[in-house]
Amino acid sequence: MSRAAIRYAKAVLSLAQDKSATEDVQKDMQSIIATVSDSAELRMVLSSPLIKSEVKLASLREIFKSSSDLTQKLFDTLIQNKRVDLLAEVAKEYTVLFDQLNNTQVAKVTTAVALDKALSDKVQAKVKELTGNEATIENVIDESIIGGFILRVGDLQYNASIANKLTTLRRELSN
């Protein structure tokens with residue numbers, strides 16, 4: 001993350017807190033992250049020095065027309081300061097700051113099959129036990145791990161996958 005993105009995110013969060021709009025801005029930021037990551041064209045438009053600022057702003061206003069006033073003002077500020085290429089980074093940093101503010105975090109659970117409600121609740125309880133914070137469970141399905149799971153919370157990772165156990169066993173046997 002760039003320092004500039006972090007500063008913009010902090011400024012938006014501060015304004016959102018003043019106006020009691022942190023939840024609305026959070027929804028906008030999640031929408032921005034998803035839209036920018038799904039659209040190569042939008043990433044190209046935002047980063048291209050050949051496309052005029054007015055066109056970039058008009059595009060953002062059209063794509064995110066249902067977003068809050070604070071988010072619209074963020075677009076204006078980023079365009080004026082010629083930093084609109086940081087939009088996705090600012091959105092990601094805002095969600096991190098929002099989660100810290102609310103003592104929540106994202107627990108990324110990689111499994112071979114989708115998590116059911118009971119297993120998701122167990123993961124939630126384990127994360128609360130380990131970190132003391134609530135977590136939003138994000139399930140990633142990766143059949144290559146064969147079975148078990150990989151839990152990642154912040155910079156902590158616990159790998160209990162069958163593929164990892166097989167690799168460890170293979171290493172031990174080759175020594």
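Residues numbered from 1 in each chain as written. Predicted model: local features only at pLDDT ≥ 70, side-chain atom pairs only at ≥ 80, totals over all residues. Heavy atoms only, no water.

**Here's the deal with the overall build of the protein**
Working step 1: The secondary structure content of the protein amounts to eight helices and four strands.
Working step 2: Reading the helices (α) and strands (β) of the protein from amino to carboxyl end gives α-α-α-α-α-α-β-α-β-β-β-α.
Working step 3: Computed over its C-alpha atoms, the radius of gyration of the protein comes to 20 Å, more than 25% above the 16 Å expected for a compact globule of 175 residues.
Working step 4: Counting every position in the protein, which comprises 175 residues, the buried fraction comes to 36%. (Helix = DSSP H or I, 4+ residues; strand = E, 2+ residues; numbered from the N terminus. Rg over C-alpha atoms; globule rule 2.2 N^0.38 Å. Buried < 20%, exposed > 50% of the residue type's maximum accessible area, 1.4 Å probe, protein only.)

**Remarks on a nonpolar patch on the surface**
Working step 1: A cluster of nonpolar side chains, namely I146, I162 and L166, defines an oily patch on the protein surface of about 250 Å² accessible area.
Working step 2: Assignment of secondary structure puts I162 in helix α8 (residues 162-174). (Patch = residues over 30% accessible without salt bridge, like charges linked within 9 Å, V, L, I, M, F, W, Y side chains within 5 Å. Areas by Shrake-Rupley, 256 points an atom, 1.4 Å probe, with all protein chains shown as cover. Salt bridge = Lys/Arg side-chain N within 4 Å of Asp/Glu carboxyl O.)

**Quick look at the nonpolar core**
Working step 1: In terms of nonpolar packing, the biggest core is built from 31 residues, with M29, I32, L87 and Y94 touching the most fellow members.
Working step 2: Not counting the four nearest positions on each side in its chain, I32 is found in contact with F64, T71, F75, L87 and A91.
Working step 3: L115, A135, L151 and V153 belong to the second largest nonpolar core, which has eight residues in total. (Core = buried A, V, L, I, M, F, W, Y, C linked by side-chain atoms within 4.5 Å. Contact = heavy atoms within 4.5 Å.)

**Examining the sheet that holds strand β3 (residues 148-153)**
Working step 1: In spatial order, the strands read β2-β1-β3-β4; together these four strands make up an open sheet with mixed pairing. A single partner strand is all that each edge strand has here, and the edge strands are β2 (134-141) and β4 (156-161). If you compare each strand with its neighbour and ignore which way they point, the axes differ by 15 degrees on average.
Working step 2: In the sheet, strand β1 (residues 104-111) pairs with β2 via eight bridges, with the strands oriented parallel. Its bridge partner being in β2, V106 is matched across the sheet by T136.
Working step 3: Here α8 sits on the sheet and contacts β3 and β4; the angle it forms with β4, its principal contact strand, is near 80 degrees. (Pairing = 2+ DSSP bridges. Axes fitted to C-alpha atoms, helices over the stretch in contact; angles between N-to-C directions.)

**Let's talk about the pattern of salt bridges**
Working step 1: Applying the stated criterion across every chain, the model contains five salt bridges.
Working step 2: A salt bridge links K126 to E129, with the shortest nitrogen-to-oxygen separation between them at 3.3 Å. In this pair, K126 and E129 both sit in helix α7 (residues 117-131), three residues apart, roughly one turn of the helix.
Working step 3: Across the salt bridge formed by E134 and K128, the nearest N and O atoms sit 3.4 Å from each other.

**Comments concerning the packing of helix α2 (residues 22-38) against helix α5 (residues 69-80)**
Working step 1: Between α2 and α5, whose axes approach to 9 Å, the crossing angle comes to 50 degrees. By the criterion of interaxial angle, the relationship of α2 to α5 is oblique. Seen from α2, the contacting residues are V25, D28, M29 and I32; seen from α5, they are L70, T71, L74 and F75.
Working step 2: Within the contact of α2 with α5, the residues separate by chemical class into six nonpolar, one polar and one charged. (Parallel < 35°, antiparallel > 145°, perpendicular 65-115°, else oblique. Nonpolar A, V, L, I, M, F, W, Y, C, P; charged D, E, K, R; others polar.)

**Overview of the layout of surface pockets**
Working step 1: By volume, the largest pocket amounts to about 560 Å³.
Working step 2: Taken together, 16 residues line the largest pocket, and the ones lying closest to its centre are T95, D99, Q105, V106 and E138.
Working step 3: Elements supplying a minimum of two residues to the lining of the largest pocket: α2, α6 (87-101), β1 and β2.
Working step 4: In terms of residue class, the lining of the largest pocket is made up of two nonpolar, ten polar and four charged.
Working step 5: Of the volumes computed, that of the second largest pocket is approximately 220 Å³. (1 Å grid on protein atoms, 1.4 Å probe; cavity = no way out; pocket = protein on both sides within 12 Å on 5 of 7 lines; lining within 4 Å. Points joined across faces, edges and corners; volume = space filled by probe spheres on them.)

By themselves these figures say nothing about function.
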